[in-house]
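# Geometric and topological summary
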Amino acid sequence: MRFFLETMIEAEKLDQKLSLLGRTLPSLLTDACTLHPNATALNQWTEAGWRSLSNQAFRIKAETLALGLLDLGLVRGDCVGVLMQSDVNFAIADMGCLIAGLIDVPIDLTQTLETIVLILQQSGAKALIISNIDLLQQVLPYLDELRCILVAEVPENWQSSDPQRIYSFDQLSGAPHSYDRVETLYRSLSPQDLASIVYVPGTDGEWLGVMLTHESLAGNALAAFATLARLQWGGEEISLSFLPLTHVFARCLIYGHFYYGHTIYFSTANRVFKHFKEVKPTILATVPLLLERVYSKTLEQVAKLTSRRERIAFRLALRLAKQHQLGQSRFDPLLQKFVARFGLSQWRSLFGNRLKYVLCGGAALKPELATVFAAAGIDIYQGYGLTQASAVVSCNRDRANRAGTVGKLIEGVEVTIAPDHEILVRGDYVMRGYYQNPEATEAAIDHQGWLHTGDLGAFTADGFLQVTGQKKALFKLASGKYIAPRPIEARLKRSPLVKDAIVVGAGQKVCGALIVPNFEALRKLKLDGDESELLQHPCVQRLISAIVDEANCHQPYWAAVKRFRLIKDIAMLIELTEAIRLLYSEDKTPLQNASDFDLQELDCPILPVEACPTFAQSLNPRFTTS
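None of the values given here were measured: they were computed from a predicted structure.

For helix H8 (residues 179-188), the set of buried residues is Val182, Leu185 and Tyr186. Along the long axis of H8, the arc covered by the buried residues comes to 95°, so they all point the same way. Seen from the buried face of H8, the exposed residues on the opposite side, beyond 90 degrees, are Asp180 and Arg187.

This next bit is on the sheet that holds strand S26 (residues 561-566). The strand order across the open sheet formed by three strands is S24-S25-S26, and the pairing between neighbours is mixed. Looking at strand neighbours, the two that pair on one side only are strand S24 (498-504) and S26, the edges of this open sheet. Strand after strand, the sheet turns through a mean of 25° between neighbouring axes, direction not considered. The pairing of S24 with strand S25 (residues 511-517) spans six bridges and is antiparallel. Residue pairing for S25: Val498 is matched across the bridge by Pro517. The sheet contacts of helix H20 (residues 538-551) involve S24, S25 and S26, and relative to S26 the element is tilted by about 140°.

With that out of the way, let us pick up the pairing of strand S10 (residues 238-241). On S10, burial covers both faces: Ile238 and Leu240 on one face and Ser239 and Ser241 on the other are all buried. Bridge count between S10 and strand S11 (residues 263-266): four bridges; the pairing is parallel. Within S11, the position partnered with Ser239 by the bridge is Ile264. Crossover S10 to S11 through helix H10 (residues 248-260) is right-handed. Judged from the two bridges that link them, S10 and strand S12 (residues 283-286) form a sheet pairing that is parallel.

The subject of this paragraph is the packing of aromatic side chains. Scanning the model with the defined rule gives ten aromatic pairs in all. Ring plane angle 65° and centroid distance 5.6 Å describe the contact between Trp233 and Tyr259, whose orientation is recorded as edge-to-face. Of the two residues, Trp233 is situated in the loop between helix H9 (214-226) and S10 and Tyr259 in helix H10; the sequence distance between them amounts to 26 residues. Classification of Trp233 as partly exposed rests on a relative accessible area of 42%. Both rings, one in Trp233 and one in Tyr260, keep their centres 4.0 Å apart while their planes meet at 10°; by these two values the pair is stacked. Of this pair, Trp233 sits in the loop between H9 and S10 while Tyr260 sits in helix H10; the two residues are 27 residues apart in sequence, bridging distant segments of the chain.

The strand order across the open sheet formed by four strands is S17-S18-S20-S21, and the pairing between neighbours is antiparallel. Every interior strand has two partners, whereas the edge strands, strand S17 (413-417) and strand S21 (465-470), have only one. The mean inter-strand angle of the sheet, taken between neighbouring strand axes irrespective of direction, is 50°. Of the strand pairs in this sheet, strand S20 (residues 451-459) and S21 are connected by five bridges, and their pairing is antiparallel. Within S21, the residue paired with Phe459 across the bridge is Leu465.

Counted according to the given criterion, the structure contains two disulfides. Disulfide pairing places Cys539 opposite Cys604 at an S-S distance of 1.8 Å. Here the S-S torsion is close to -75°, and the disulfide linking Cys539 with Cys604 is therefore left-handed. Placement of Cys539 in helix H20 and of Cys604 in the loop between helix H22 (590-594) and helix H23 (621-624) is noted, with a sequence separation of 65 residues between them.

Following the sequence through the fold, Ser160 ends up in the loop between strand S6 (148-153) and strand S7 (166-168). The exposure class of Ser160 is buried, given its relative accessible area of 16%. In terms of polar contacts, Ser160 uses its side chain to reach the backbone amide nitrogen of Asp162, at 3.1 Å.

Rules used throughout
Residues numbered from 1 in each chain as written. Predicted model: local features only at pLDDT ≥ 70, side-chain atom pairs only at ≥ 80, totals over all residues. Heavy atoms only, no water. Buried < 20%, exposed > 50% of the residue type's maximum accessible area, 1.4 Å probe, protein only. Helix = DSSP H or I, 4+ residues; strand = E, 2+ residues; numbered from the N terminus. Arc of directions from axis to C-beta. Pairing = 2+ DSSP bridges. Axes fitted to C-alpha atoms, helices over the stretch in contact; angles between N-to-C directions. Contact = heavy atoms within 4.5 Å. Right-handed = clockwise from strand over helix to strand, strands pointing away. Phe/Tyr/Trp six-rings, centres within 6.5 Å; stacked < 30°, edge-to-face > 60°. Disulfide = S-S within 2.5 Å. Polar contact = N/O pair within 3.5 Å; in protein donor to acceptor, adjacent residues only side chain to side chain.

Here it is, written out as structure tokens:
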């Protein structure tokens, strides 16, 4: 009997796994349009208010774009760069490429111009879809090799400067919608087709194109959403999307929302707090940085309270909240009411009072935050994943949520912990490999099919995965952005005034650097004093600051070293740990300290510094972060 039951359970698991596979991404949208039509499925914020699209209208726009792309001479399997803001137009461009059998290559808007061009060249992109004319003007001088360029939004009465190569979305939508051609496109799609190439940084500053299929992305999205037991079908579930759709985590969630027929509102990081109260979302995907901002702002507001009684009540509520063991013990209802009433009730109202799920990924979430927010009635479900595994590997979920962990594995994923504690992942969602880079692919995926993530981890006794560190020479900021420290360190050490340097910032808002000056070189510049005095010398601080600025060239603005600290040596781990703590706890940067002195009166030496060319800088943030 026991054998029979175990066989039935295994068969049920196999059926569930198979139901996640064999899907193309456009099929998720098609099913929703039939089973869960939603008149306000996609909503775009504009200066005039929210502009809505039904999922059926969205599908027609994507189909029309697909036909237009093919009419421009593109053929199945061609790569198309997507350089766009994370909005409805991005979703249309993405789905249009997928329906046409094209491979889209999303490019982070905040990257440097040289990286954008490099990715277009490495992928062999034949076309580029771009958000607007302002962005086009910044990149157009470097796009000679592209066959065609599509602009999503153009001014009224806009005239193309190159009518044979540059088109607007409206120009492509002028042709009649051919249902026969569209049906042929759908029938020609295969789940094993390559859907997207997503470029990620390598440890030495190189760029690697992660090849993801329709099946891997669709299956991952369905498996991740299947863990959300209270999730409803249709438009009653409302998602506020503000994360970059160039990142596979945000895109996979959008595909899941498409399939479930949910309502999606597209916001931005600059407007998301305003939109919480307008939209009142039931689902929010975020990175730890936003939650940290909410937490720190609350503490600042409490410190300013004039009522001593209110301050005491909040601090007591916070202390009680921190004592709660999330997922391991039931929070006393009376204590939870006290916590909500006297301290943390404003958090639920800040998010619109309807949140069912806060899905947190991209970087490590402090266990304290998960615990405190849960005590306030906001459940945060942290997960773990990576682009090379189509987004999600594991996640916390209802009745199985543990602070300090990244949850249990989703269906269709295997994980083992290597002898050196590296997390290895295997399954149907793992990438096909790195585009045109068999050496990097072989290094990442072994002969047994295990993807070596470069992350270190362990399983708890009850099966929750924990990420304990990193083996790879990359780290993530609190925003979820990857930093490759080696190239920055190498540029810093090119200066004769720098003996050694370590770039740090894992889990922090900004990049920092610990720098060991070359004391002999400094003395040749007639800067006197012992080593301790030179570390604090305002002229030295100014010189090193100029070197840091020069090293930041070729970095996107969010990856630039924003603060540094001078130290004597990098040999002692304990001293390094303390130096990092001081680096991120000090209010002033070294350059701000140096500005307290009259540097001209000190007769500080000045080193020649090369100006950073436009090509090596990020696009204008005015057009990329609004």
